[in-house]
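What follows is the residue order along each chain.
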Amino acid sequence: MDHDAFTDLLRAQRVWDVELPEFDPANAPEDPLPLFRAWFAAAVEAGQPEPHAMQLATADAAGGPDVRTLLLHDADDRGWHFATHVTSAKGRQLTADPRAALHFYWPALGRQVRLRGRVAALPPEVAQAGLHARSTGALAAALTGTQSAPLASVDELAEASAAAWDRAERAHDTDAPTWTAYVLAPEEAEFFQGEAHRRHLRLHYRRTPDGTGWTRGLLWP
């Protein structure tokens, strides 16, 4: 595809070509967690594919940004939970600098949620219990190779994956030693509601200095 064809294709795409929900920030809860749970449930109800998929942004040793998509495992009073190998690129980056950001995008509703805060590792038994509660495929993926390490060939991946699937199917209680559960405790949260006339609403939460509550305010779109 040449550049002109790509540009034409790009400009032909529509944004939120659906009926968008109403959102009144004045009625939003004082804490971002109940609002997130309500928006997540609405995304599921609207048929949003993989509403639990989110982007995790971290920084490398030189301060360069890095981002990838992974799955939300929980959202509670401690924060937003996910898991990965501590030896992976994101795991190493979080060990060196625990500051991170999460982003959710639900185009079926024209909504986004952004979270910024510090990430902490949970006890190993939490990570293993969570992994064993998931699908065989999730366990097999966690047992396959060394995440983020160089891969010699597709054949090597196929062989390692087949061995991991066999092991996961035979013993679903197998541990993946480097698999680690994390929780991001947000210091800031933003809820973005798209609007057909581009009068988008952005509700911003910031944790109070004493860490006991939140302040709220609107941002220009």
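Shown above is the structure to which this text applies.
Residues numbered from 1 in each chain as written. Predicted model: local features only at pLDDT ≥ 70, side-chain atom pairs only at ≥ 80, totals over all residues. Heavy atoms only, no water.

This next bit is on the overall build of the chain. In terms of regular secondary structure, the chain is built from six helices and nine strands. Its C-alpha atoms give the chain principal-axis dimensions of about 55 × 55 × 40 Å. Scored against the burial criterion, the 221 residues of the chain give a buried share of 38%. A sequence separation of at least 24 residues applies to 63% of the contacts in the chain between residues at least 6 apart. As presented, the chain carries roughly 13,100 Å² of accessible surface, and 54% of it is formed by carbon and sulfur atoms. Across the chain, 21 positive and 30 negative side-chain charges occur, with their mean positions spaced 6 Å apart. (Helix = DSSP H or I, 4+ residues; strand = E, 2+ residues; numbered from the N terminus. Buried < 20%, exposed > 50% of the residue type's maximum accessible area, 1.4 Å probe, protein only. Contact = heavy atoms within 4.5 Å. Areas by Shrake-Rupley, 256 points an atom, 1.4 Å probe, with all protein chains shown as cover. Lys, Arg positive; Asp, Glu negative; His and termini not counted. Charge placed at Lys NZ, Arg CZ, Asp CG, Glu CD.)

In this section: the pattern of salt bridges. Evaluated as defined, the whole model comprises nine salt bridges. The closest approach of N and O atoms between Asp76 and Arg78, which form a salt bridge, is 2.9 Å. Owing to a relative accessible area of 16%, Asp76 belongs among the buried residues under this scheme. Assessed through its relative accessible area of 49%, Arg78 is described here as partly exposed. Counted as one network, the salt bridges with shared partners bring together Arg114, Glu190 and Arg202. (Salt bridge = Lys/Arg side-chain N within 4 Å of Asp/Glu carboxyl O.)

Each regular strand displays side chains that alternate between the two surfaces of the sheet. Of the pairings in the sheet, the one linking strand β5 (residues 99-106) to strand β6 (residues 111-121) comprises eight bridges and is antiparallel in character. The residue bridging Ala100 from the neighbouring strand is Gly117, located in β6. Joining the antiparallel neighbours β5 and β6 is a turn of four residues, in which Gly110 adopts a positive phi near 65 degrees. Bridge analysis of β6 against strand β7 (residues 179-193) gives 11 bridges, and the strand direction is antiparallel. Residue pairing for β7: Ala120 is matched across the bridge by Val183. (Pairing = 2+ DSSP bridges.)

Turning our eyes to something else, we now look at the layout of surface pockets. Where empty space is left in the structure can be found by rolling a water-sized probe over the atoms. Considered as a void within the structure, the largest pocket measures approximately 440 Å³ in volume. Listing elements by their share of the lining of the largest pocket, those giving two or more residues are β2 (65-71), β4 (79-85), α5 (136-143) and α6 (154-170). It is β2 that contributes the most residues to the lining of the largest pocket, four residues altogether. Grouping the constituent residues of the lining of the largest pocket by class yields 12 nonpolar, nine polar and four charged. If you add up the space inside the second largest pocket, you get close to 200 Å³. (1 Å grid on protein atoms, 1.4 Å probe; cavity = no way out; pocket = protein on both sides within 12 Å on 5 of 7 lines; lining within 4 Å. Points joined across faces, edges and corners; volume = space filled by probe spheres on them. Nonpolar A, V, L, I, M, F, W, Y, C, P; charged D, E, K, R; others polar.)

Time to look at the nonpolar core. Of all hydrophobic cores here, the largest spans 30 residues; its most connected members are Phe36, Trp80 and Phe104. Elements with a minimum of two residues in this core: α2 (32-45), β1 (53-59), β4, β5, β6, β7 and β8 (201-207). Looking at which element gives the most residues to this core, the answer is α2, with five residues. Setting aside residues no more than four positions away along its own chain, Phe104 makes contact with Phe36, Pro51, His52, Ala53, Met54, Leu72, Trp80, Arg111, Gln112, Val113 and Leu115. Ala127, Ala164, Ala168 and Ala181 belong to the second largest nonpolar core, which has 14 residues in total. (Core = buried A, V, L, I, M, F, W, Y, C linked by side-chain atoms within 4.5 Å.)

It is at 8 Å that the axes of α5 and α6 come closest, and there the two elements cross at 130 degrees. By the angle between their axes, α5 is oblique relative to α6. The hand of the α5/α6 crossing is right-handed. On α6, the residues touching Thr136, Gly137, Leu139, Ala140 and Leu143 of α5 are Ala164, Trp165, Arg167, Ala168 and Glu169. Along the lines of polarity and charge, the residues of the contact of α5 with α6 split into six nonpolar, two polar and two charged. (Axes fitted to C-alpha atoms, helices over the stretch in contact; angles between N-to-C directions. Parallel < 35°, antiparallel > 145°, perpendicular 65-115°, else oblique. Left-handed = near helix turned anticlockwise from the far one by under 90°.)

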